[in-house]
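# Tertiary structure, described
Below, each chain spelled out in residue letters.
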Amino acid sequence: MITSRLLSKTTVLAWFLLAAFAGGGAVRLCAAEDLKFQVQLVWATDDLKPPAGKDYKPVDPKLKSQLRALKWKNYFEVKRIDFSVPAGSTKKIAISEKCELDVRDLTGSNVEVVLFGKGKEVARVKQALPKGEILVPGGNAPNETAWLAVLKRIE
Amino acid sequence: MMDYQHQLKIQAYLDGELSGPEAKEVSDWLTGQPDAAALMTELRQTGEALTGFEEGLKLPESREFFWSKVSRGIQIQENRARADAQAAPVGWLIRFRRFLMPAAGVAVISLLALVVTRETGGGPSNPAVETSLADGGGVVYHDFSAGATFVWLSYPPDSDSSEEDDAGSLDQ
């Protein structure tokens, strides 16, 4: 009899704790958090070294592996910008004097990225961008090189 | 015309349910009431006729055993109800638990859905992708194994400054 009473109270307590834990977790996750992104401006080339006078560093091996679909042998990081986007809103990032990225947080891990060149919309991409994946707007540059704007989600 | 009470008295008299004085009183009254006497005769004959048709109902077990089974059944039910009442938590706790069960279920499902959505990026790594390129020569390529999406533009974003710096047509 006592055992059954105890079990009954224990069951109620377990349900309560579970509900509190799950509810708390859901509230915490639901809370609007800024999404952190990073964009790297990358120069793709077959040259072994960056241009004279530039101290561009080679990109890390992981990124280089992710860029394996491209034909170039070496990738140098020109610039790196970390930025955050408030949940559900948009952030515009200038990656160069005449090139901007507009990153908008959609539901889940989906984002909408708009690339502007000289103030005009050049491309608009809407897709999932979970951690670990990259979105790479890019194009050919003179002398068989290319420019890449590697966008990744950090958190 | 005889009233209903007198009719009942006659029936009780026939059934032997009246006490001595009452029975005598009814008997005396019947002698002076031919209608009542006729009714009594009719009731007696009807009763005798029906008695002949009654089937004797016999229990397969003795009367004492039958009623002892009923008694034991009642006792068991009472004991069970008492035990349940002692084991059961108080009323508000039951109501609270009824609320908690679905609430906890919903919370767990929400938590799992949110965790999956947040941590894995919402299921498939590349769900529906919408792309629009102002550049007619642009190409979109997904390298699923590398987790990379390339948006390749034939349009050079800063071609006018590229002569100064190959890599940094975008460099400031």
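In case you missed it, the structure is sitting above this.
Residues numbered from 1 in each chain as written. Chains lettered and ligands numbered in written order. Predicted model: local features only at pLDDT ≥ 70, side-chain atom pairs only at ≥ 80, totals over all residues. Heavy atoms only, no water.

### Some thoughts on the overall build of chain B
- Scanning chain B from terminus to terminus reveals five helices and three strands.
- Listing each helix as α and each strand as β along chain B from the N terminus yields α-α-α-α-α-β-β-β.
- When the accessible surface of chain B is summed, it comes to about 12000 Å², and 58% of that surface belongs to carbon and sulfur atoms. (Helix = DSSP H or I, 4+ residues; strand = E, 2+ residues; numbered from the N terminus. Areas by Shrake-Rupley, 256 points an atom, 1.4 Å probe, with all protein chains shown as cover.)

### Looking at the packing of aromatic side chains
- Following the criterion strictly, the structure yields five aromatic pairs over all chains and no others.
- The ring of Phe-116 of chain A carries the charged tip of Lys-92 of chain A above its face, separated from the ring centre by 4.4 Å. (Phe/Tyr/Trp six-rings, centres within 6.5 Å; stacked < 30°, edge-to-face > 60°. Lys NZ or Arg CZ within 6 Å of the ring centre and 35° of its normal.)

### Looking at the nonpolar core
- Formed by 25 residues in total, the largest nonpolar core has its most connected members in Phe-37, Val-39, Phe-83, Ile-95 and Leu-151 of chain A.
- Looking at this core, the elements that each hand over two or more residues are strand E1 (35–45), strand E3 (74–85), strand E5 (99–105), strand E6 (110–117), strand E7 (120–128), strand E8 (134–141) and strand E9 (145–153) of chain A together with strand E3 (148–153) of chain B.
- Setting aside its immediate chain neighbours within four residues, Phe-37 of chain A contacts Ile-81, Asp-82, Phe-83, Val-85, Val-103, Val-111, Leu-129, Leu-151, Lys-152, Arg-153 and Ile-154 of chain A.
- Counting 17 residues, the second largest nonpolar core, distinct from the first, contains Ala-44, Val-59, Tyr-75 and Ile-134 of chain A. (Core = buried A, V, L, I, M, F, W, Y, C linked by side-chain atoms within 4.5 Å. Buried < 20%, exposed > 50% of the residue type's maximum accessible area, 1.4 Å probe, protein only. Contact = heavy atoms within 4.5 Å.)

### Some details on the sheet that holds strand E1 (residues 130–133) of chain B
- Ordered by their spatial adjacency, five strands build an open sheet running E4(A)-E5(A)-E6(A)-E7(A)-E1(B), and the pairing between neighbours is antiparallel. On the outer flanks of this sheet lie strand E4 (90–94) of chain A together with E1 of chain B, each paired with one strand and no other. This sheet shows a mean twist of 15° between the axes of neighbouring strands, independent of strand direction. (Pairing = 2+ DSSP bridges. Axes fitted to C-alpha atoms, helices over the stretch in contact; angles between N-to-C directions.)

### Here's the deal with the pairing of E1 of chain A
Residue and element names in this part refer to chain A.
- For E1, the tally of buried residues reaches 10 of 11 residues, placing the bulk of the element in the interior.
- As defined by bridge partners, E1 adjoins E3 across 11 bridges and the pair is classed as antiparallel. Its bridge partner being in E3, Thr-45 is matched across the sheet by Asn-74.
- Here E1 runs beside E9; their pairing, made up of eight bridges, is antiparallel. Among the inter-strand pairings, Gln-40 is bridged to a residue of E9, identified as Val-150.

### Quick word on a nonpolar patch on the surface
- Residues Trp-67, Val-70 and Ile-74 of chain B make up a contiguous nonpolar surface patch of roughly 280 Å² in combined accessible area.
- Of the residues examined, Ile-74 of chain B reaches a relative accessible area of 44% and is grouped as partly exposed. (Patch = residues over 30% accessible without salt bridge, like charges linked within 9 Å, V, L, I, M, F, W, Y side chains within 5 Å. Salt bridge = Lys/Arg side-chain N within 4 Å of Asp/Glu carboxyl O.)

### Thoughts on the pattern of salt bridges
All names here are of chain A.
- Taken as a whole and assessed by the stated rule, the structure comprises 10 salt bridges over all chains.
- Measuring nitrogen to oxygen at the nearest pair gives 3.9 Å for the salt bridge that ties Lys-92 to Asp-102. Placement of the pair is Lys-92 in strand E4 and Asp-102 in strand E5, with a sequence separation of 10 residues.
- By sharing partners, the salt bridges in this structure join Arg-104, Glu-112, Glu-121, Arg-124 and Lys-126 into a single network.

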